[in-house]
Amino acid sequence: MSRMMKTSARLSVLRDRRFLALLAGLVTASALTAQAPRPLASSEIAHRLRRLQVLGSVLYVAAHPDDENTRLLAYLARDRQYRAGYLAMTRGDGGQNLIGDEQGVELGLIRTQELLAARRIDGAEQYFTRAFDFGFCKSTEEALQTWGREKVLADAVWVIRRFQPDVIVTRFPEDARAGHGHHSASAVLAREAFLAAADPKRFPEQFRHGVGPWQARRLLWNTFNFGGANTTAENQFRIDVGGFLPLLGRSLGEISAESRSQHRSQGFGSASSRGSQTEYFIPVIGEAPSRDLLDGVVTGWQRLEGGAPIAARVDAIVRDFSYTDPSASVPSLTALHREISALAPSVWRDQKLREVTDLIEAAAGLHLEAATSEPYAVLDDSLSLTLTAILRSGIRARWMGAAIDGRDTAVARPLPANRNTVLPLRIHVSPDKPLSQPYWLVDEMEKGSFNVKDQRMIGLAEGPPAFTVRFEIEVEGAVLRFEKPLVFKSTDPVKGELFQPLCVVPPVSVNTSPGVMLFRKGDKRVRDFTLTATAYTRIPPSEARFDYRYGATSESMRDTAFRLNRGQSREIPLPVRSQSMEGRTRDRLLAGLEFRNTHTDQGNRLALAQIQYDHIPTVRYFYPDGLTVLNIPVATAGRRIGYIRGAGDKVPEALQELGYEVTFLGEGDMDLGTLQGFDAIVTGIRAYNVHEWLSARQEALMDYVKGGGNLVVQYNTNSFAGPMRSRIGPFDFSISRNRTTDEHAEVRFLAPEDPLLNWPNRITKDDFEGWVQERGIYYATMPSNGFRAVLGMRDPGEEEQTGSLVTAQYGKGRFIYTGLVFFRQLPAGVPGAYRLMANLVSNPNVAVHGGKK
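Worth saying up front: this structure is predicted, and the values here are computed from it rather than measured.

**Regarding the overall build of the protein**
In step 1: The helix and strand tally for the protein stands at 18 helices and 44 strands.
In step 2: Compactness check: the protein gives a C-alpha radius of gyration of 29 Å against a globular reference of 29 Å for 853 residues, within 12% of the reference.
In step 3: Sequence-distant contacts in the protein: of pairs separated by 6 or more residues, those separated by 24 or more amount to 76%.
In step 4: With the model as given, the accessible surface of the protein reaches about 33800 Å², and the carbon-plus-sulfur share is 47%.
In step 5: Computing the positive centroid from 103 side-chain charges and the negative centroid from 97, the protein places the two 2 Å apart.

What follows is the structure, given as structure tokens:
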């Protein structure tokens, strides 16, 4: 991962005295800053009041985002009102992306937020290990070895010891029925963690951080019927999870479908189900349940010493609740808060205190907000913010004070009914404050896992917000603390009021482009790359130095009158010389900026990436930007390429780097006259899955090929996420789920004389060196006699696959289908991928470097 290099000491994880208490709230409050806060209706408050009587918990374990059973999680959290959690081994970094071109850690960031969005709906909590999703994996041992078995096992044990589940449930079995090495590995780790969490000799270093051994009562496998495999049976333990919740006005099937539909990057939009639905279970360790998943577990207040009297108080609060005046329950809730506080410290005491505090806030109609009109907090700069409190009921409440970043402010104002009380503040952002960085990206990662130094962060879905504001409110004589993230608040003319995470940034960030710069071997050229400096505060006139290194060269440029206004960007062209790459095929160029003036002496080599989709919060992270410089022997034929975008990839930029003029084509361009103007046409990944109009325009594409055109179709899928409804070539073939996951797999040339391997570049085995993550996916299968298979490759222990690259002559032209993952290799700057792609798009009817034959 080019963006996963070691960054700055400022990216160290925030530590303070209240860290553990803060982390406990993060599990359920994560990512709420992406949307306007929604007050609870009376019926929802009544539903949550009933949860106060339940002290039972279940932890669900699987491998990826979207592996979880949202129907079961909704049943556990919303119906039975247990504390439910989902532990995903990975963040889904290695999957495909149906909504954009993000890959790797960026896709993991998206899928993390999609999981958090799902948990807000189904009511469960979200956890992760440090395992990295390195792509499809065919064996348990490969997954465990790549992740680091003991490392990820320790993470699972840590989550269990902190969460303290009564029952653990796995989605998958430990054998091949799991269908994916990550899946089966998650089941193996769940079993090992179930045992190790209770063993004081296993991972004792964790005990320094406030946990102890924990013995769950049983481990179960939640059997399934999907993907062509039915592992359920009527003699298994069964529960009905299809109930209707009157206080919420929804069935569990409706809740779970909405939850599952948050996985938009994977195309998991789901239809609601209503009525009875059955889930099946097989015991793995421990006594089998007979009536309930938590058979034999005490799930009431009597499980806590001194807790029995609290049950009666909760019963009374539930019985006396007024749907027309929820605030009437506030005095009883504050008394309940005092009683629970007096109990001995425990996971359940802290959990119920959080629940009661949230209920007091909701029942009182108390709205607390910490907001700024600025999207960024700049190091060593000031930040204006506004704290707002409004009490929308008739109870007695007084705003005692507020605290942010170590600064306490006394307020001591009564809160009048239904009137805003506003406290404007201006704070200084310390130059030593950590930048806003996902905690698992702070340190350089390994191939199969992230590195996280702070034990207390491990397992969390995300880290704490940039700033947390603590409101101290006296409610009916009890002083309570409410913690709220400081958010960026704005109003969009179309979307309305928006809340987004506040991001701590340096004064300047630096980005470079292009991502890959290609020199043809032997060329004596100088090309410019662009360093873009973006200021988040005013940079007064300064002496700036731009420095960078690549090949055998270190270069720098000075600007004695460098200045930027806040929000302004400046592009600086900097030269790269092909001569400096002599003797090298590939190198990495990193650039930085240092500036000095009478006020400051600063430098930065970090870029700020931003990922924006409407269904998740804006995601930002820092990385040392740079470009890959290639110096390779590569020839091309033709000049113009038409590109039909698919689900999202960066192949067009690679084609431009090869020297092609790339034009994006839409439905209105699918006429023969337009298509004949291109030497080649390329479809982006999953284009036929995401564009239904391609089916209706297929005849025009085939006429283009028949007349001498060159059509390259990158992989499509034939699954629920994108079923094929069109024949995509001149002759029949099917798209399978076959793939080669070993990026080092030997490649055999099945048709060594084919032009795809010989013109205009002679392809050798060396061109398949240095590939990343995998060779190919979604191969062609059962091709008709009109197709020729060009390459053969296989994963260890498997038969050879021949559908990664198939071609057919049709009329005067050529059709190509490829499952080779060019969408990963080209942005990664893999030299052989560029040479092979040049052959695929080079039309045999066009001379090298353009010009008709």
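**A word on the pairing of strand 44 (residues 813-818)**
In step 1: Across the six residues that make up strand 44, a large majority, six, are buried.
In step 2: Examined bridge by bridge, strand 37 (residues 710-714) and strand 44 share five bridges and lie parallel to one another. Considered in strand 44, the bridge of Val712 is made with Ile816.
In step 3: Across six bridges, the pairing between strand 43 (residues 805-810) and strand 44 is antiparallel. The residue of strand 44 that forms the bridge with Val806 is Tyr817.

**What about the nonpolar core?**
In step 1: Core analysis: the biggest nonpolar cluster contains 72 residues, and Leu655, Leu701, Leu791 and Tyr817 have the highest contact counts within it.
In step 2: Ranked by residue count, the leading element in this core is helix 18 (residues 831-841), at seven residues.
In step 3: Beyond its immediate chain neighbours, meaning those up to four positions away, Leu701 contacts Ile644, Met670, Leu675, Ile681, Tyr688, Leu694 and Leu711.
In step 4: The next biggest cluster of nonpolar side chains, apart from the first, holds 63 residues, and it includes Leu336, Leu379, Ala397 and Ala402.

**Comments concerning the sheet that holds strand 44**
In step 1: What the seven strands build is an open sheet, ordered 35-34-36-37-44-43-41; its pairing is mixed. Of all the strands in the sheet, the pair left with one neighbour each is strand 35 (661-664) and strand 41 (788-789).

**As for the sheet that holds strand 17 (residues 421-428)**
Two pairing modes exist for strands in a sheet, parallel and antiparallel, and in both the strands are linked by backbone hydrogen bonds.
In step 1: Taken in spatial order, the five strands line up as 17-14-12-20-21 in an open sheet, and their pairing is mixed. Edge strands, defined here as strands with exactly one partner in the open sheet, are strand 17 and strand 21 (496-501). Strand-to-strand, the axes of this sheet are offset by a mean angle of 35 degrees, without reference to chain direction.
In step 2: Taken together, the two bridges between strand 12 (residues 366-372) and strand 20 (residues 487-492) define a ladder with parallel strand orientation.

**Side note on the pattern of salt bridges**
In step 1: This model, assessed by the stated rule, comprises 54 salt bridges.
In step 2: One salt bridge in this structure joins Arg149 and Glu141, with 3.7 Å as the shortest N-O distance.
In step 3: By relative accessible area, which is 30% here, Arg149 ends up partly exposed.
In step 4: Its salt-bridge partner being Arg788, residue Asp754 comes within 3.1 Å of it at the nearest N-O pair. With a gap of 34 residues between them, Asp754 in the loop between strand 39 (747-749) and strand 40 (780-781) and Arg788 in strand 41 connect regions that are remote in the sequence.
In step 5: Assessed through its relative accessible area of 35%, Arg788 is described here as partly exposed.
In step 6: Each of Asp408, Arg470, Glu472 and Arg481 takes part in one network of salt bridges that share partners.

**A closer look at the packing of helix 5 (residues 140-147) against helix 7 (residues 181-196)**
In step 1: Taken N-terminus to C-terminus, the directions of helix 5 and helix 7 make an angle of 70 degrees; their axes are 7 Å apart at the nearest point. Relative to helix 7, the element helix 5 is oriented roughly perpendicular. Of the residues in helix 7, those touching helix 5 at Thr140, Ala143, Leu144 and Trp147 are Gly181, His182, Ser184, Ala185, Val188 and Leu189.
In step 2: Of the residues in the contact of helix 5 with helix 7, the class split is six nonpolar, four polar and no charged.

**Here's the deal with the pairing of strand 14 (residues 382-391)**
In step 1: Among the 10 residues in strand 14, seven count as buried, and that is most of the element.
In step 2: Of the strand pairs in this sheet, strand 12 and strand 14 are connected by six bridges, and their pairing is antiparallel. Bridge assignment links Ala370 to a residue of strand 14, and that residue is Leu387.
In step 3: Inspection of the sheet shows strand 14 paired to strand 17 by eight bridges, in the antiparallel sense. Each bridged residue has a counterpart across the sheet, and for Ser384 the counterpart in strand 17 is Arg426.

**Observations concerning the confidence of the model for the protein**
When pLDDT is low, close inspection of the predicted coordinates is not appropriate.
In step 1: Here the protein shows a mean pLDDT of 92. Residues at 70 or above account for 93%.
In step 2: Counting contacts from residues 1-34, a segment whose pLDDT is below 50, to residues more than four positions away or on other chains yields 92 contacts.
In step 3: Here residues 849-853 is a poorly scored stretch, pLDDT under 50, and it has 16 contacts once near neighbours within four places are set aside; other chains count.

**Side note on helix 6 (residues 149-163)**
In step 1: Look at helix 6: 21 Å from first C-alpha to last across 15 residues, which is about the 21 Å you get at 1.5 Å a residue.
In step 2: Most of helix 6 is tucked away, with 12 of its 15 residues classed as buried.
In step 3: Taken together, the buried positions of helix 6 are occupied by Lys151, Val152, Leu153, Ala154, Asp155, Ala156, Val157, Trp158, Val159, Ile160, Arg161 and Phe163.
In step 4: Trailing helix 6 by a residue or two, Gln164 shows a phi angle of about 55 degrees, which is positive.

**Here we look at the packing of aromatic side chains**
In step 1: Taken as a whole and assessed by the stated rule, the structure comprises 28 aromatic pairs.
In step 2: Taking the centre distance of 5.6 Å and the plane angle of 35 degrees together, the rings of Tyr621 and Tyr623 count as tilted.
In step 3: Residue class for Tyr621 comes out buried when judged on its relative accessible area of 0%.
In step 4: Pairing Tyr715 with Tyr778 gives two aromatic rings, centres 5.4 Å apart and planes at 15 degrees, and the pair type is stacked.

**Regarding the environment of Ser322**
In step 1: Structurally, Ser322 is set in the loop between helix 9 (308-320) and helix 10 (330-341).
In step 2: Each C-alpha atom of the pair Ser322 and Ala412 lies 30 Å from the other, and the pair is 90 residues apart in sequence.
In step 3: Separated by 3.0 Å, the side chain of Ser322 and the backbone nitrogen of Asp325 make a polar contact.

**Points about the side chain of Arg171**
In step 1: Mapping Arg171 onto the fold places it in the loop between strand 4 (167-170) and helix 7.
In step 2: For the buried Arg171, no salt bridge exists, and the shortest N-O distance to an oppositely charged side chain is 4.5 Å, to Glu279.
In step 3: Those residues in contact with Arg171, other than ones at most four positions away along the chain, are Tyr60, Val61, Ala62, Asp67, Asn69, Trp221, Asn222, Thr223, Phe224 and Phe226.

**Focus: unusual backbone geometry**
In step 1: Cis geometry marks the peptide bond from Ser513 to Pro514; its omega dihedral reads 0 degrees.
In step 2: Counting through the fold element by element, Pro514 comes out in the loop between strand 23 (508-513) and strand 24 (516-520).
In step 3: Residue Pro760 is bonded to the preceding Trp759 through a cis peptide linkage, with omega at 0 degrees.
In step 4: Within the element layout of this structure, Pro760 appears in the loop between strand 39 and strand 40.

Parameters and conventions
- Residues numbered from 1 in each chain as written.
- Predicted model: local features only at pLDDT ≥ 70, side-chain atom pairs only at ≥ 80, totals over all residues.
- Heavy atoms only, no water.
- Helix = DSSP H or I, 4+ residues; strand = E, 2+ residues; numbered from the N terminus.
- Rg over C-alpha atoms; globule rule 2.2 N^0.38 Å.
- Contact = heavy atoms within 4.5 Å.
- Areas by Shrake-Rupley, 256 points an atom, 1.4 Å probe, with all protein chains shown as cover.
- Lys, Arg positive; Asp, Glu negative; His and termini not counted.
- Charge placed at Lys NZ, Arg CZ, Asp CG, Glu CD.
- Buried < 20%, exposed > 50% of the residue type's maximum accessible area, 1.4 Å probe, protein only.
- Pairing = 2+ DSSP bridges.
- Core = buried A, V, L, I, M, F, W, Y, C linked by side-chain atoms within 4.5 Å.
- Axes fitted to C-alpha atoms, helices over the stretch in contact; angles between N-to-C directions.
- Salt bridge = Lys/Arg side-chain N within 4 Å of Asp/Glu carboxyl O.
- Parallel < 35°, antiparallel > 145°, perpendicular 65-115°, else oblique.
- Nonpolar A, V, L, I, M, F, W, Y, C, P; charged D, E, K, R; others polar.
- pLDDT = per-residue confidence, 0-100.
- Expected span 1.5 Å × (residues − 1).
- Phe/Tyr/Trp six-rings, centres within 6.5 Å; stacked < 30°, edge-to-face > 60°.
- Polar contact = N/O pair within 3.5 Å; in protein donor to acceptor, adjacent residues only side chain to side chain.

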